[in-house]
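Fold and contact review
Each chain, letter by letter, is given below.
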Amino acid sequence: MELTERIKRIPPYIFATIDEKKAEAKSRGIDIIDLGIGDPDIPTPQFIVDKMTEAINNPANHSYPPYQGTLAFRESVSRWYKNRFNVTLNPAKEVLSLIGSKEGIAHSFLTFLDPGDKALLPDPGYPAYNVGVLIAGGVPVSVPVTEANNWQPDLDAIDPAVAKEAKMIFLNFPGNPTGAVATDEFYEKAIAWAKKYDVLICNDLAYSEVYFEGQKPRSILEFPGGKDVAIEFHTLSKTFNMTGWRVGMVVGNEWAVQALGKIKTNVDSGVFGAIQEAAIYAMDNYQPFVDNQNAFMQKRRDIIVNGLNELGWNLTAPLATYYIWAPIPKGTTSNQFTIDLLEQTGILVVPGTGYGAGGEGYFRISITTSNDRLEEAVKRLKQHNIRFDSATVSA
Ligand SMILES: *Cc1c(COP(=O)(O)O)cnc(C)c1O
């Protein structure tokens, strides 16, 4: 039997490749500090688990849920958006539950792209965008995000002919892998640009609640005209350490939300009712938990940023996300740097190229491990004299 062209187009999943390297190093007795995948190491807060325990015992939750999310869930999302962003959403038409935002992101390409249609994607960016476009038979077009432009896509640099053809553009702030936060001016400009070229903005807001120094990231829907051109993907995964639960939402432009819903109705049957109940409770009791969690994560961020800066890096601490995005020392490549680093120190990081060709020259550290392990990582970097200004990474 022959695999489809669709499957053949899919590049290997970056974390599958990294897992292999990790297993191989482990088998040689190396003590690995895993700063690779961005999966919270802290369990889901007990108040949410307790709510789930209660909800799972309710037989009403044992049948098929409404495909678009229970009305109570969609109302809770609207309430949360109102409190958090002062954005008004109609729960009946502008909100849909998702089985994690990755599900909604993947289905967005099936919804908005015909075969051969172009989607503009940040490079470096979250790998699911590129793969999702390929699966839908679309054409991914990279939009560079560079340090020179504060890790924001330079919309003026997009060829107007390509902009006219493109059906959608993905934005992701706070950004994975860069940790960058968008300026207000950027969102205003993006809305005007999208109107001019009739392109749907898909804003991935997975990390809006992982922020530091009290600087809350904004939603594109806060800006005038945002709802005319944008939908926003959101998730409880990163906010509440709920990656395994699979619950998120898409909100915003009614036409686009409803279109995505049409695809979803025919593919999945919604999110388990008990999970939706637990998610409602989480969103309604959000603030104290998030404040604590972010203060805790900020300490971790500082361990890594200060540690690298003592070794010759000159990093500005990111204001959001679990990620430290740092340049590699001269004289190597992203891929080689991460291989050598694992070999010499047992520290596992992700090569920037795992997020697109635009990530060459960088690596990503995830702070989803304990302070002790992060301090141990800094200690090992110092022991092995891995410095930013060194010519190579040799020990
Ligand atoms: C983790 C992540 C997601 C997906 O999260 P779900 O668990 O599927 O909700 C989406 N976008 C980015 C940028 C992420 O890092």
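What you are looking at is a predicted structure, and each value in this text was computed from that prediction instead of being measured. (Residues numbered from 1 in each chain as written. Predicted model: local features only at pLDDT ≥ 70, side-chain atom pairs only at ≥ 80, totals over all residues. Heavy atoms only, no water.)

Structural notes on the nonpolar core
Across soluble globular proteins, you tend to see nonpolar side chains buried next to one another. Put simply, the test is: We call a set of buried Ala, Val, Leu, Ile, Met, Phe, Trp, Tyr and Cys residues a nonpolar core when their side-chain atoms join them within 4.5 Å. Burial classification: accessible surface area is computed with a 1.4 Å probe over protein chains only, and a residue below 20% of its type maximum counts as buried, one above 50% as exposed, and the rest as partly exposed. What fixes the domain bounds is an automatic or database domain assignment. Any two residues whose heavy atoms approach within 4.5 Å are treated as being in contact.
Counting 71 residues, the largest nonpolar core has Tyr81, Ile169, Trp193, Ile201, Leu236 and Val247 as its most contacted members. Built from parts of two domains, this core gets at least three residues from each of domain 1 (5–44 + 288–383) and domain 2 (46–286). Ignoring anything within four residues of it in the chain, the contact list for Ile169 reads Leu120, Leu155, Ile158, Trp193, Val199, Leu200, Ile201 and Cys202. By size, the runner-up hydrophobic cluster in this structure holds 31 residues, among which are Ile303, Leu311, Ile328 and Leu381.

Brief notes about the sheet that holds strand 12 (residues 362–366)
The test is simple: Only strands that DSSP links by at least two bridges are regarded as paired with each other. Only DSSP runs of H or I covering at least 4 residues are called helices, and only runs of E covering at least 2 are called strands; the numbering of each starts at the N terminus. An axis is simply a line fitted to the C-alpha atoms; with a helix, the fit covers only the stretch in contact. Between two such axes, the angle follows the N-to-C directions and lies from 0 to 180 degrees.
One open sheet holds the 3 strands; their spatial order is 9-12-11, and the pairing between them is antiparallel. Both outer strands of the open sheet, strand 9 (323–327) and strand 11 (350–351), are each paired with one neighbouring strand and no more. When strand 11 meets strand 12, the two strands line up antiparallel, connected through 2 bridges. Its bridge partner lying in strand 12, Pro351 is registered against Phe363. Here helix 12 (residues 287–310) sits on the sheet and contacts strand 9 and strand 12; the angle it forms with strand 9, its principal contact strand, is near 10 degrees.

A closer look at the confidence of the model for the protein chain
Using the following cut-off: Residue-level confidence of the predictor, termed pLDDT, takes values from 0 up to 100.
Confidence in the prediction for the protein chain averages 95 pLDDT; 98% of positions are at 70 or higher. Low pLDDT, under 50, characterises residues 391–395; the stretch is placed with 11 contacts to residues that sit more than four places away or in other chains.

Regarding helix 5 (residues 101–112)
Put simply, the rule is: By this rule the span expected of a helix is its residue count minus one, scaled by 1.5 Å.
In this model, helix 5 (12 residues) spans 16 Å end to end at C-alpha, consistent with the 16 Å of a helix rising 1.5 Å per residue. Among the 12 residues that make up helix 5, 9 are buried, leaving the element largely enclosed by the rest of the structure.

Side note on the sheet that holds strand 5 (residues 168–172)
Taken together, the 7 strands give an open sheet; going across it, the order is 2-8-7-6-5-3-4, and neighbouring strands pair in mixed fashion. Because the sheet does not close on itself, it has two edges, and the strands there are strand 2 (95–98) and strand 4 (139–144). On average, each strand axis in the sheet is inclined to that of its neighbour by 25 degrees, with strand direction left out of account. Here strand 2 pairs with strand 8 (residues 248–252) via 4 bridges, running antiparallel. The partner of Ser97 across the bridge, within strand 8, is Met249. Taken strand by strand, helix 5 contacts strand 2, strand 3 (118–123), strand 5, strand 6 (200–204) and strand 7 (230–235), and its axis lies near 155 degrees from that of strand 7. On the sheet, helix 6 (residues 127–135) packs against strand 3, strand 4, strand 5 and strand 6 and is oriented at approximately 160 degrees with respect to strand 3.

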